[in-house]
Amino acid sequence: MTVLTIDHVAVGYANSLIVEDLSVSIPKGKITTIIGPNGCGKSTLLKAISRVLKTQSGAVYLDGRAIHQLQTKEVAKRMAILPQSANAPGGLTVFELVSYGRFPHQGGFGTLKKEDYEHINWAIFVTGLNEFKDRSVEALSGGQRQRVWIAMALAQGTEILILDEPTTYLDLAHQLEVLILLQRLNEEEGRTIVMVLHDLNHASRFSHNMISMKNGTLIKEGSPEEVMTCLNLQSVFNIDARMTTCPFSKNPICLSYQLNQKNE
Amino acid sequence: MSTPAEESAEIETLEEIKKHSHPLIAIVILFGGMTALLFAIGLSISLGAADIKLATVWTAVFNFNPEITSHQIIRDIRMPRVLGAAMVGSCFAVAGALMQGMTRNPLADSGLLGLNAGASFMLALCFAFFPGLPYMYLIMFSFLGAGLGVLIVYGVGSLSRGGLTPIRLVLAGAAVSALLGALSEGIALYFQIGQDLAFWYAGGVSGTKWINLQIMAPWIIVAMIGAVILSRSITLLSLGEEVAIGLGQKTKTIKLFGMIIVLVLAGTAVSVVGAVGFVGLIVPHLTRFLIGHDYRWIIPCSIVLGGLLVVLADLAARMINPPYETPIGALIALIGVPFFLYLARKGGKEL
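The shown structure was predicted, so the numbers you read here are calculated from the model rather than taken from an experiment.

Criteria and thresholds
- Residues numbered from 1 in each chain as written.
- Chains lettered and ligands numbered in written order.
- Predicted model: local features only at pLDDT ≥ 70, side-chain atom pairs only at ≥ 80, totals over all residues.
- Heavy atoms only, no water.
- Helix = DSSP H or I, 4+ residues; strand = E, 2+ residues; numbered from the N terminus.
- Buried < 20%, exposed > 50% of the residue type's maximum accessible area, 1.4 Å probe, protein only.
- Contact = heavy atoms within 4.5 Å.
- Phe/Tyr/Trp six-rings, centres within 6.5 Å; stacked < 30°, edge-to-face > 60°.
- Patch = residues over 30% accessible without salt bridge, like charges linked within 9 Å, V, L, I, M, F, W, Y side chains within 5 Å.
- Areas by Shrake-Rupley, 256 points an atom, 1.4 Å probe, with all protein chains shown as cover.
- Salt bridge = Lys/Arg side-chain N within 4 Å of Asp/Glu carboxyl O.
- Core = buried A, V, L, I, M, F, W, Y, C linked by side-chain atoms within 4.5 Å.
- Pairing = 2+ DSSP bridges.
- Expected span 1.5 Å × (residues − 1).
- Polar contact = N/O pair within 3.5 Å; in protein donor to acceptor, adjacent residues only side chain to side chain.
- Axes fitted to C-alpha atoms, helices over the stretch in contact; angles between N-to-C directions.
- Left-handed = near helix turned anticlockwise from the far one by under 90°.

## Details of the overall build of chain B
- Assigned secondary structure in chain B consists of 15 helices and zero strands.
- Within chain B, the proportion of its 351 residues that are buried is 53%.
- The long-range fraction of contacts in chain B, counting pairs at least 24 apart against all pairs at least 6 apart in sequence, stands at 75%.

Okay, structure coming up:
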């Protein structure tokens with residue numbers, strides 16, 4: 001079943017169109033990962049989905065209704081977004097920042113109710129930030145900070161999570177922790193996850209569905225087996241990849257690669 | 001996975017958690033600041049060319065007797081002046097706080113971003129072409145001028161490659177302010193209205209009359225209420241525009257209303273005191289340092305502390321070299337410039 005439909009979307013910035021006429025569906029209750037080289041329009045596409053950028057033509061549909069016609073607060077109750085370069089203002093504590101995730105559920109002056117506290121504390125707990133709760137976000141390491149932002153998106157309590165490179169700034173172990181957390185949220189609570197990852201092997205290992213993009217167009221969409229092929233990686237990244245099987249997930253992974261010899 | 005409720009119950013009870021939100025210090029600052037402000041207002045009324053006892057100030061306010069000269073001095077000269085100072089301080093401070101929150105630019109201040117220069121330029125034009133224009137209209141031209149100033153600054157700033165960084169905006173602000181300042185002076189010379197404009201440049205509240213206060217007050221009250229209503233949204237915006245949109249905020253609407261409030265506040269303040277800078281820089285940063293990042297508290301505390309700062313500055317302006325008055329703008333710049341340098345040295349890092 002489809003939860004998000006991207007229908008002939010063209011999107012970009014003031015004088016340059018980054019994504020032209022892209023159509024793809026995001027299945028409900030699955031992990032979908034977008035891969036592609038730098039500047040291929042992955043983040044731009046996520047921004048269109050998260051209504052940060054307005055589509056110049058086409059539309060994004062959430063359960064069949066055009067997203068820009070829905071009340072933005074209603075969308076925020078169903079869809080949480082972790083932007084790529086989230087940057088907290090100085091002096092905020094972890095608890096305070098995560099608590100802003102409850103905004104779409106609050107009215108008026110924004111006092112936190114019991115239910116809000118439960119969501120906030122749960123989000124802090126599952127991201128392993130309990131001991132940092134009262135620390136200033138500024139004083140944390142890059143990896144811890146990234147987890148705070150993820151916690152804020154979790155506190156929003158939405159069925160859909162959209163994350164733009166959630167593993168940047170994290171070391172190997174923390175990258176895996178975040179991805180395993182997302183996997184857990186997906187498997188146990190059926191949350192739909194859409195993310196951009198640069199690590200192809202992580203993408204393959206944790207996704208049900210992959211979307212590969214280049215120059216603002218969709219190259220191939222499908223299961224990791226379908227997308228993680230030598231041929232597809234060659235056309236997307238212009239690399240000559242040697243594939244093997246992940247011993248953990250049994251999905252195809254890239255063992256090593258070199259730049260394609262042929263000049264384009 | 002257990003439900004959120006079960007898991008968090010294992011971690012902490014609700015009562016323990018509530019300790020994490022502590023607006024207590026903000027309340028202390030708010031009420032301490034108000035007390036200090038009232039005291040400073042009393043002190044400022046009693047001190048001056050004619051020395052008046054604090055007790056006399058009390059009776060003049062609550063038991064006015066028109067027969068007594070000191071009561072008349074208090075009523076007609078000193079009270080409007082000190083109330084004007086307090087209002088102007090609050091306006092600049094809240095305008096600065098709003099701008100910093102909306103743009104995430106720590107150097108945002110109505111003086112640095114050209115609003116003040118724009119408003120005083122417009123006032124110079126009014127003096128030149130519509131001499132004797134009632135204050136009621138002057139104040140509106142002042143709003144317009146503030147809007148004009150900020151438009152030019154943002155226009156010039158966004159022409160540069162790589163977009164608007166805090167430092168670039170301030171540079172554009174400095175350049176545009178210099179230009180508008182020069183134009184105002186040119187107008188003053190050509191139309192020989194230098195005398196009228198002098199106190200605007202120097203910045204002073206000495207000429208404030210009750211009638212000015214009456215006209216200012218409704219604008220300020222409405223704008224301040226608006227600022228308090230917006231305050232929670234401003235906090236959200238200060239997390240970054242994308243985050244705010246993701247959380248379901250109508251960022252464009254909030255920014256529009258925020259900007260209108262800023263223009264009204266800065267325009268009103270300039271129409272009384274002239275282009276005094278740095279209040280909007282010093283006060284919100286100090287407040288943020290004291291009470292944290294929640295604009296629901298920053299805005300009310302800025303109202304109080306901003307008023308306090310300018311009342312004290314005005315008092316100092318009269319005390320330093322009596323009977324002459326030191327320009328209040330110069331005094332505030334004395335604290336403001338080192339403070340600005342300190343913030344700029346931190347690289348103008350985004351808030």
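## Here we look at the packing of aromatic side chains
- All told, the structure shown has eight aromatic pairs over all chains when counted by the stated rule.
- Seen from their ring centres, F95(A) and Y117(A) are 6.1 Å apart, and the 25° between their planes marks the pair as stacked. Here F95(A), found in helix α3 (residues 94–99), pairs with Y117(A), found in helix α4 (residues 114–126); they are 22 residues apart in sequence, far enough to count as distant.
- With a centroid separation of 6.4 Å and an interplanar angle of 40°, the aromatic rings of F339(B) and Y342(B) are classed as tilted.

## A few points about a nonpolar patch on the surface
- On the surface, F129(B), F130(B), Y190(B) and F191(B) cluster together into a nonpolar patch covering about 480 Å² of accessible area.
- With respect to the element layout, Y190(B) can be found in helix α8 (residues 166–190).

## Considering the nonpolar core
- Formed by 98 residues in total, the largest nonpolar core has its most connected members in F92(B), L98(B), L115(B), L265(B), V279(B), V311(B) and I332(B).
- A per-element tally of this core places helix α5 (residues 69–103) of chain B first, with 15 residues.
- Setting aside its immediate chain neighbours within four residues, L265(B) contacts C91(B), V94(B), A95(B), A223(B) and M224(B).
- By size, the runner-up hydrophobic cluster in this structure holds 55 residues, among which are L129(A), A153(A), L182(A) and L200(A).

## Considering the pattern of salt bridges
All names here are of chain A.
- According to the stated counting rule, one finds 13 salt bridges over all chains in the structure shown.
- Where E189 meets R191, a salt bridge forms, and the shortest distance between an N and an O atom there is 2.6 Å.
- Note on R191: relative accessible area 9%, which makes it buried.
- Two residues, R242 and D240, come together in a salt bridge whose shortest N-O distance is 3.2 Å.
- Assessed through its relative accessible area of 25%, D240 is described here as partly exposed.

## Describing the pairing of strand β12 (residues 252–259) of chain A
Residue and element names in this part refer to chain A.
- Note: strand β11 (residues 239–245) against β12, seven bridges, orientation antiparallel. Bridge pairing links D240 to Q258 in β12.
- Here β11 folds back onto β12 in antiparallel fashion, the turn holding six residues, of which K250 has a positive phi close to 65°.

## So, the environment of G173(B)
Residue and element names in this part refer to chain B.
- For G173, the location among the structural elements is in helix α8.
- Spatially, the C-alpha atom of G173 lies 18 Å from that of G329, the residues being 156 residues apart in sequence.
- Ignoring any residue separated from it by four or fewer positions in sequence, one finds G173 in contact with L112, L113 and V153.

## Notes on helix α6 (residues 172–189) of chain A
All names here are of chain A.
- With 18 residues, α6 should reach 26 Å at 1.5 Å per residue; the first-to-last C-alpha distance of 25 Å fits that figure.
- Two or three places before A173, at the opening of α6, D171 has a side-chain oxygen 3.1 Å from that residue's backbone nitrogen.
- Looking at the residues trailing α6, positive phi occurs at G190, about 65°.

## Details of the packing of helix α10 (residues 210–237) of chain B against helix α14 (residues 295–319) of chain B
All names here are of chain B.
- Running from N to C, α10 and α14 point in directions that differ by 145°, and their axes come no closer than 7 Å. Along this stretch, α10 crosses α14, giving a crossing that reads as right-handed. Contacts between α10 and α14 involve M224, A227, V228, S231, R232, I234 and T235 from the former and Y295, R296, I299 and I303 from the latter.

Scope: geometric values only; no functional claims are made or implied.
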